[in-house]
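Chain by chain, the residues:
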Amino acid sequence: MQKIICEVLLITGLLAQDEFFEAGYSIGGYGELHYNRSQAGADAATTKLDFHRFIIYYGYAFSEEWSFKSEVELEHNFVHDGEGELELEQTFVNYHTDRFGFQAGVILPSVGLINEYHEPPLFVSVERPEYNKYVIPTTWFGNGAAVYGNIAGIHWRFALMEDLNGDEIGKGIRSGRDKGYKSTAYDLVKNISVYYTGVSGLRVGGSLTMNNAPTSAYFTTDADGNKIVNEADTASVGIQLMEVHAKYDANNIYAVLELGQISYEHNPLGYESSGGYYADLGYNVASMIGLKGKLMPWFRMSNYNRGNDDDSVDYSIQRFGLSYWPHPQIAFKADYGTHKKASDDDAKTQINIGVGYNF
């Protein structure tokens, strides 16, 4: 009798486990509201109040190893007449174990600190650092697949994704993202990344991303109207993005450094390179004044150039701010800074106030 009872309990446990995975739905998201004020010299100030992003995550766990994950984003509250954006930023099937994983669908390349993990409470400023817009084109996503793994605190990932659009590459690669819409796969973006997290609060890593992005001249037409591949080098734009990054967030210290460089071949604007950096330094003072949560004054220095040290696309930024996290997933932020183009006499002064969340 005891044996029968044990077998019944075992079968019941297995059935309950199967039921758990059948009901393995998950939902999450993030969002951020921004107030922005900008003024250059004696010009009138411009102000904007914008719910910049509203994102919903939806997932389903088939088993302990197999799952589905997705992310849908609405930018600027609505989409109408070319304003606002509605995007499917991620949707993929995922296989995951403690040491190895696989993804296929709409994915993100592992490049920099903010492209994969870009929820507002994860960075100190109201807006994302401009480095993560004009050097690394955050958020960069597209159709593809990736394998990844880790051992002893060393994480690696290799992704193959849709091509960039060579016709749209110029002042950086941001406009070359096809975002999964009728994308091509002639050469494929290759993204290789590695980072280390073996010390509490520390992440140090880097990545290499390459593509020969096809242009509209990639195909030519023969006398019979058939498409043939144009073998000329100028039929594609070669890009190579190398970046390194480091972040330490522990013992009340917050420090970030990101540095990246893009090399081009046959850039439509004639640029051979672009790149830049930013560095953040902050300190959590909440415990000094008996405040719950985290209160951090911080300072940022940054410079980026969108092409060949051209003064008309070279920018220097200095910014300081105060950010408060009453809960790790809620952040209130305010910052002030200057944004100077090398070719201009006057710098823009900017004031930003925002609130962001993720769940």
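Residues numbered from 1 in each chain as written. Predicted model: local features only at pLDDT ≥ 70, side-chain atom pairs only at ≥ 80, totals over all residues. Heavy atoms only, no water.

Another point: the pairing of strand β6 (residues 142–151). When strand β5 (residues 100–107) meets β6, the two strands line up antiparallel, connected through eight bridges. Along β6, the bridge assignment pairs Ile107 with Gly142. In this sheet, strand β7 (residues 154–161) lies alongside β6 in antiparallel orientation, the contact comprising eight bridges. Of the residues in β7, the one forming a bridge with Ala146 is Ala159. If you look at the hairpin formed by β6 and β7, you'll find two residues sitting between the two strands, and Ala152 has a positive phi there, around 55°. (Pairing = 2+ DSSP bridges. Helix = DSSP H or I, 4+ residues; strand = E, 2+ residues; numbered from the N terminus.)

Counted as a void, the largest pocket has a volume near 900 Å³. Considering the residues around the largest pocket, the lining is formed by 41 residues, among which His52, Glu127, Glu130, Lys133 and Tyr134 are closest to the centre. Residue classes in the lining of the largest pocket are distributed as seven nonpolar, 14 polar and 20 charged. Roughly 730 Å³ of volume is contained in the second largest pocket. Lys69, Phe92, Gln103, Glu116 and Tyr117 are the residues nearest the centre of the second largest pocket, which is lined by 35 residues in total. Looking at the lining of the second largest pocket, the elements with two or more residues in it are β1 (25–40), β2 (46–61), β3 (66–80), β4 (83–96), β5, β6 and β7. Grouping the amino acids of the lining of the second largest pocket by side-chain chemistry returns 13 nonpolar, 15 polar and seven charged. (1 Å grid on protein atoms, 1.4 Å probe; cavity = no way out; pocket = protein on both sides within 12 Å on 5 of 7 lines; lining within 4 Å. Points joined across faces, edges and corners; volume = space filled by probe spheres on them. Nonpolar A, V, L, I, M, F, W, Y, C, P; charged D, E, K, R; others polar.)

Looking now at the confidence of the model for the chain. Overall, the prediction assigns the chain a mean pLDDT of 92, with 94% of residues at 70 or greater. Low confidence marks residues 3–18, where pLDDT is under 50. Its contacts with residues over four positions away, or in another chain, come to one contact. (pLDDT = per-residue confidence, 0-100. Contact = heavy atoms within 4.5 Å.)

Cis geometry marks the peptide bond from Thr138 to Thr139, where omega comes out at 0°. Along the polypeptide, Thr139 turns up in the loop between α2 (131–134) and β6. Here Asp81, not a glycine, exhibits a phi torsion of approximately 50°, which is positive. Examined against the element boundaries, Asp81 turns out to sit in the loop between β3 and β4. A relative accessible area of 66% places Asp81 in the exposed class. The phi dihedral of Asn308 falls on the positive side, at around 55°, and the residue is not glycine. With respect to the helices and strands, Asn308 occurs in the loop between β15 (294–305) and β16 (314–327). (Buried < 20%, exposed > 50% of the residue type's maximum accessible area, 1.4 Å probe, protein only.)

Enumeration over the complete set of coordinates arrives at ten salt bridges. A salt bridge links Glu75 to Arg53, with the shortest nitrogen-to-oxygen separation between them at 3.9 Å. On the criterion of sequence distance, the pair formed by Glu75 in strand β3 and Arg53 in strand β2 is long-range, its members being 22 residues apart. Both residues of the pair, Glu75 and Arg53, count as buried. Where Asp335 meets Arg319, a salt bridge forms, and the shortest distance between an N and an O atom there is 3.3 Å. Taken together, the residues span a long stretch of sequence, with Asp335 in strand β17 (residues 330–341) and Arg319 in strand β16 at a distance of 16 residues. The class of Arg319 is buried, set by a relative accessible area of 7%. (Salt bridge = Lys/Arg side-chain N within 4 Å of Asp/Glu carboxyl O.)

Two aromatic rings are characterised by how far apart their centres lie and by the angle between their planes. The final tally for this structure, using the stated rule, is eleven aromatic pairs. Relative to Phe62, the ring of Tyr60 has its centre 5.0 Å away and its plane inclined at 70°; by these criteria the two rings are edge-to-face. Measuring from ring centre to ring centre gives 4.8 Å for Tyr186 and Tyr218, while their planes differ by 20°; the resulting arrangement is stacked. Pair noted here: Tyr186 is in the loop between β7 and β8 (189–196) and Tyr218 is in the loop between β9 (202–214) and β10 (219–221), with a separation of 32 residues, a long-range link. By the ring-pair criterion, three or more aromatic residues cluster together here, those being Tyr25, Tyr58, Tyr60 and Phe62. A cation over an aromatic ring shows up here: Arg203 above the ring of Tyr195, its NZ or CZ 3.7 Å from the ring centre. Its end group placed over the ring of Trp325, Lys294 keeps NZ or CZ at 4.8 Å from the ring centre. (Phe/Tyr/Trp six-rings, centres within 6.5 Å; stacked < 30°, edge-to-face > 60°. Lys NZ or Arg CZ within 6 Å of the ring centre and 35° of its normal.)

The next subject is the environment of Asp314. With respect to the secondary-structure elements, Asp314 resides in strand β16. Asp314 sits in the buried class, given a relative accessible area of 14%. Sequence-distant contacts of Asp314, defined by excluding residues within four places in its chain, comprise Asn303, Tyr304, Asn305, Lys340, Lys341 and Ala342.

Bringing the side chain of Ser302 into the picture now. Relative to the helices and strands, Ser302 resides in strand β15. Engagement of the side chain of Ser302 in a polar contact is seen with the backbone oxygen of Tyr277, the distance being 2.7 Å. Ser302 has contacts with Tyr277, Tyr278, Tyr315, Ser316 and Ile317, leaving out every residue within four places of it along the chain. (Polar contact = N/O pair within 3.5 Å; in protein donor to acceptor, adjacent residues only side chain to side chain.)

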